[in-house]
Amino acid sequence: MDLALELTCLILEREEGFAVIRLNRPAALNALNSTMMDELSAVIPALDADPAVHAIILTGSDKAFAAGADIKEMASKTFAEAVSEDFITRNWEAVTRCRTPVIAAVAGYALGGGCELAMMCDIILAADTARFSQPEITLGIPPGAGGTQRLPRAVGKAKAMEMILTARMIGAEEAERAGLVSRVVPADKLIEEAKAVAAKLAALPPVAVQLAKELVNAAYETPLAQGIKQERRTFHAAFATEDQKEGMTAFTEKRKPAFLGK
Ligand code: CAA
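Residues numbered from 1 in each chain as written. Predicted model: local features only at pLDDT ≥ 70, side-chain atom pairs only at ≥ 80, totals over all residues. Heavy atoms only, no water.

An unreviewed UniProt entry annotates the chain as enoyl-CoA hydratase originating from Acidisoma silvae. Annotation of the chain in UniProt includes, under Function (unreviewed entry), the sentence "Could possibly oxidize fatty acids using specific components." (UniProt positions renumbered as here; feature names shortened; annotations may be inferred.)

Written as structure tokens, this is what we have:
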């Protein structure tokens, strides 16, 4: 991957088959400012276009995944500026457009835009130190990066309403019980576990992984009958891939499959 951009708010590491993006503004608890979001908007599509990258881990520090959008940066914004800059939408949605699976590895605070950024990812792994909240209401605004839409879909209306209307913060265990995170791991094992998931994804047939991701996302955007139809057609289409033949032949021959991504 050739990234002309010099990264100032992110640390990018490459490993065999996957990449790790670390949000890196520790002094501001990884508050998501426009520079960081511009960098994320450049890095994510570049990784997504790289055929050697089969999974992306997005993580923060031990203390904060991200404590939300940068309040100091946006405090004086006017309505007209927010509209004309296309505030939030312009540079916040790269993760949602990424076709490669993205794993959020969350330790510490995931607040406001931090919680929303994690929810844009495909899998959320939480350290036992993780804390989730949508505290925007205390600042005089509703959530603005998908919180009012993705949180109810993840945890149901009652819990989402309480979190969004009262800014109640929940811990990792409650987040797991509510279905916001896929599982909780000890904080000192978080990156190791995220890398194990990424390595597992990298060993799987990439076309099938992308198709499956598309289908699960469709469940959030289409009526059931349409989603089922899309699933059925995609399932049928997968039989046209070499990896389907290899996967099923390897099973019958009792050997490990060698997937080609075709
Ligand atoms: N924006 C800008 N700076 C932030 C920040 C944010 N969201 N969160 C923390 N910081 C900064 C603090 O201002 C402080 O900087 P200084 O040392 O220069 O004063 C530094 O990070 C450390 O923070 P604290 O001293 O406050 O640390 P703490 O441990 O006492 O408290 C905290 C931690 C509870 C997370 C507290 O920092 C906090 O409440 N942060 C704000 C959380 C928030 O409201 N997030 C929502 C933002 S709005 C949003 O995200 C909109 C959207 O939907 C997109």
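A. Representation of the environment of Ala202 within the structure. Topologically, Ala202 is positioned in helix α10 (residues 190-203). Owing to a relative accessible area of 22%, Ala202 belongs among the partly exposed residues under this scheme. When the C-alpha positions of Ala202 and Glu16 are compared, they lie 8.4 Å apart, and in sequence the two are 186 residues distant. Among residues more than four places away in sequence, those in contact with Ala202 are Gly17 and His54. (Helix = DSSP H or I, 4+ residues; strand = E, 2+ residues; numbered from the N terminus. Buried < 20%, exposed > 50% of the residue type's maximum accessible area, 1.4 Å probe, protein only. Contact = heavy atoms within 4.5 Å.)

B. How the structure looks around the packing of helix α6 (residues 113-120) against helix α7 (residues 147-155). Running from amino to carboxyl end, α6 crosses α7 at an angle of 60°, the nearest separation of the two axes being 10 Å. By the angle between their directions, the pair α6 and α7 is classed as oblique. Considering only the axes of α6 and α7, their crossing is left-handed. Of the residues in α7, those touching α6 at Glu116, Met119 and Met120 are Gly147, Arg150 and Leu151. (Axes fitted to C-alpha atoms, helices over the stretch in contact; angles between N-to-C directions. Parallel < 35°, antiparallel > 145°, perpendicular 65-115°, else oblique. Left-handed = near helix turned anticlockwise from the far one by under 90°.)

C. Representation of the sheet that holds strand β8 (residues 131-133) in the model. Spatially, the 4 strands line up as an open sheet ordered β4-β6-β8-β9, and their pairing is mixed. Two strands lie at the open edges of the sheet, namely β4 (64-66) and β9 (170-171), each paired on one side alone. Contacting β4, β6 (109-111) and β8, α6 runs over the sheet at an angle of about 90° to β6. (Pairing = 2+ DSSP bridges.)

D. Examining the site of the ligand more closely. Inspection of the region around the ligand gives 25 residues, with Ala69, Ile71, Gly113, Glu116 and Glu136 positioned closest. For the ligand, an oxygen atom lies 2.9 Å from a polar atom in the side chain of Lys72. In isolation the ligand has 980 Å² of accessible area, and contact with the protein removes 65% of it. Elements with a minimum of two residues in the shell around the ligand: α2 (71-74), β6 and α6. Its residues assigned to classes, the shell around the ligand comprises 16 nonpolar, 4 polar and 5 charged. (Near = heavy atom within 4 Å. Polar contact = N/O pair within 3.5 Å; in protein donor to acceptor, adjacent residues only side chain to side chain. Areas by Shrake-Rupley, 256 points an atom, 1.4 Å probe, with all protein chains shown as cover. Nonpolar A, V, L, I, M, F, W, Y, C, P; charged D, E, K, R; others polar.)

E. The arrangement of the sheet that holds strand β2 (residues 18-23) in detail. If you trace the 6 strands from one edge of the open sheet to the other, you get β1-β2-β3-β5-β7-β10, paired in mixed fashion. Strands at the two margins of the open sheet, each flanked by one partner only, are β1 (10-15) and β10 (183-185). Strand-to-strand twist across the sheet, computed as the mean angle between neighbouring axes with direction ignored, equals 20°. The pairing of strand β5 (residues 102-106) with strand β7 (residues 123-127) spans 4 bridges and is parallel. The residue bridging Ile103 from the neighbouring strand is Ile123, located in β7.

F. Expanded view of the nonpolar core. Ranked by size, the top nonpolar core spans 51 residues in total, and within it Leu58, Phe65, Leu117 and Phe132 carry the most contacts. The element that contributes the greatest number of residues to this core is helix α1 (residues 34-48), accounting for 6 residues. When residues no more than four places from it in sequence are discounted, the contact partners of Leu58 are Ile21, Leu23, Leu40, Phe65, Val95, Val102, Ile103, Ala104, Ala105, Leu117 and Cys121. In terms of nonpolar packing, the next biggest core, distinct from the first, is built from 16 residues, Val20, Val185, Ala198 and Leu201 among them. (Core = buried A, V, L, I, M, F, W, Y, C linked by side-chain atoms within 4.5 Å.)

G. Just the packing of helix α11 (residues 206-218) against helix α12 (residues 224-238), in detail. Put simply, α11 and α12 touch, their axes get as near as 10 Å, and they point 175° apart. Between α11 and α12, the crossing angle belongs to the class labelled roughly antiparallel. On α12, the residues touching Leu211, Leu215 and Ala218 of α11 are Gln230, Glu231, Thr234 and Ala238. Residue composition of the contact of α11 with α12, grouped by class: 4 nonpolar, 2 polar and 1 charged.

H. Layout of the packing of aromatic side chains. Taken as a whole and assessed by the stated rule, the structure comprises 1 aromatic pair. Summarising the aromatic geometry, the rings of Phe235 and Phe239 are spaced 5.4 Å apart at their centres and angled 85° between planes, so their arrangement reads as edge-to-face. When its relative accessible area of 37% is taken as the criterion, Phe239 is described as partly exposed. For the cation-ring pair, Lys77 lies above Phe87, with the distance from its terminal atom to the ring centre recorded as 4.7 Å. (Phe/Tyr/Trp six-rings, centres within 6.5 Å; stacked < 30°, edge-to-face > 60°. Lys NZ or Arg CZ within 6 Å of the ring centre and 35° of its normal.)

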